[in-house]
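Tertiary structure, described
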Amino acid sequence: MTAPPPPRSRLTVRVFTQRLSATPRGARLARHLALNQLQEWGIPHGGDVSDTVAVIVAELAANAVTHGRVPGRDFELGLSLVSGSVRVEVTDTREEAVIDVRRPRPLAEAGRGLVLVDALADRWEVVDRQPPPGKTVRAEVDVPGWLGLLRRGEGR
């Protein structure tokens, strides 16, 4: 007689989405909400993943507010804990996707946001917003031990 196979763990994707005003206050709130959501998922404040996601969210939200703002339209922050990583998505309603990742001049006051995202994210891309108009900048940060986070969350 053979033992029954061990139960398969359910693979759960955790998702958080919030629309925010396209203002500096909305951008700051995006960062705070992201950190609180990561804490809720078991990714502690002050860790490498949390700090990296915080910088990415801050830069992408600032870009959405500064360059992607359309008067009267919000931007959206999306976070998901997927297979092995945290995915950050920031969506705005400006159609033009001017993506420039060149290093800024040493004394330039702007132009470092996507350079930071490129350096910190394990993967990132820009996709058309669905439904149009607009674009979504999506970045992923790998999470060591992510399966343990999902199993801990199942016990809640």
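The rules behind the values
Residues numbered from 1 in each chain as written. Predicted model: local features only at pLDDT ≥ 70, side-chain atom pairs only at ≥ 80, totals over all residues. Heavy atoms only, no water. Salt bridge = Lys/Arg side-chain N within 4 Å of Asp/Glu carboxyl O. Helix = DSSP H or I, 4+ residues; strand = E, 2+ residues; numbered from the N terminus. Buried < 20%, exposed > 50% of the residue type's maximum accessible area, 1.4 Å probe, protein only. Pairing = 2+ DSSP bridges. Axes fitted to C-alpha atoms, helices over the stretch in contact; angles between N-to-C directions. Polar contact = N/O pair within 3.5 Å; in protein donor to acceptor, adjacent residues only side chain to side chain. Contact = heavy atoms within 4.5 Å. pLDDT = per-residue confidence, 0-100. Parallel < 35°, antiparallel > 145°, perpendicular 65-115°, else oblique. Left-handed = near helix turned anticlockwise from the far one by under 90°. Nonpolar A, V, L, I, M, F, W, Y, C, P; charged D, E, K, R; others polar.

Evaluation of the coordinates by the stated rule reveals seven salt bridges. Among the salt bridges present, the one from Arg-19 reaches Glu-76, with a minimum N-O distance of 3.9 Å. Of the two residues, Arg-19 sits in strand β1 (residues 14-20) while Glu-76 sits in strand β2 (residues 75-82), which places them 57 residues apart along the sequence. When its relative accessible area of 46% is taken as the criterion, Arg-19 is described as partly exposed. The closest approach of N and O atoms between Arg-87 and Glu-140, which form a salt bridge, is 2.7 Å. Residue Arg-87 is located in strand β3 (residues 85-92), and its partner Glu-140 is located in strand β5 (residues 135-142); the two are separated by 53 residues in the primary sequence. On the accessibility criterion, Arg-87 (25% relative accessible area) is partly exposed. For Glu-140, a relative accessible area of 12% puts it in the buried group. By sharing partners, the salt bridges in this structure join Arg-87, Arg-123, Glu-140 and Asp-142 into a single network.

By the bridge criterion, six bridges tie strand β4 (residues 123-128) to β5 in an arrangement that is antiparallel. Counted as the bridge partner of Val-127 is Thr-136 from β5. If you look at the hairpin formed by β4 and β5, you'll find six residues sitting between the two strands, and Gly-134 has a positive phi there, around 125°.

Attention now moves to the sheet that holds β3. Pairing within the open sheet is antiparallel, and its five strands lie in the order β1-β2-β3-β5-β4. A single partner strand is all that each edge strand has here, and the edge strands are β1 and β4. The sheet shows a mean angle of 15° between the axes of neighbouring strands, taken without regard to direction.

Along the chain, Ser-85 falls in strand β3. Of the polar contacts made by the side chain of Ser-85, one reaches the side chain of Glu-140; its length is 3.4 Å. When residues no more than four places from it in sequence are discounted, the contact partners of Ser-85 are Ser-80, Arg-123, Glu-140, Val-141, Asp-142 and Val-143.

Once that is clear, we can look at the environment of Pro-133. When you line up the elements, Pro-133 lands in the loop between β4 and β5. Judged by its relative accessible area of 26%, Pro-133 is partly exposed. Linking Pro-133 and Asp-92, residues 41 residues apart in sequence, is a C-alpha distance of 8.5 Å. Beyond its immediate sequence surroundings of up to four residues, Pro-133 is in contact with Arg-73, Asp-92, Thr-93 and Glu-95.

Right, let's talk about the confidence of the model for the protein for a bit. Across the protein, the average pLDDT comes to 83, with 76% of residues at or above 70. Within the protein, helix α1 (residues 24-40) carries the highest mean pLDDT (97), whereas helix α4 (residues 146-154) carries the lowest (66).

Looking now at the packing of α1 against helix α2 (residues 48-66). With their axes 9 Å apart at the nearest point, α1 and α2 run at an angle of 155° to one another. Judged by the inter-axis angle, α1 sits roughly antiparallel to α2. α1 and α2 meet at a crossing whose hand is right-handed. Between α1 and α2, the contacting residues are Pro-24, Ala-27, Ala-30, Arg-31, Ala-34, Leu-35 and Leu-38 on the first element and Ser-50, Val-53, Ala-54, Val-57, Ala-58, Ala-61, Ala-62 and Val-65 on the second. Each residue belonging to the contact of α1 with α2 can be placed in one class, and the counts come to 13 nonpolar, one polar and one charged.

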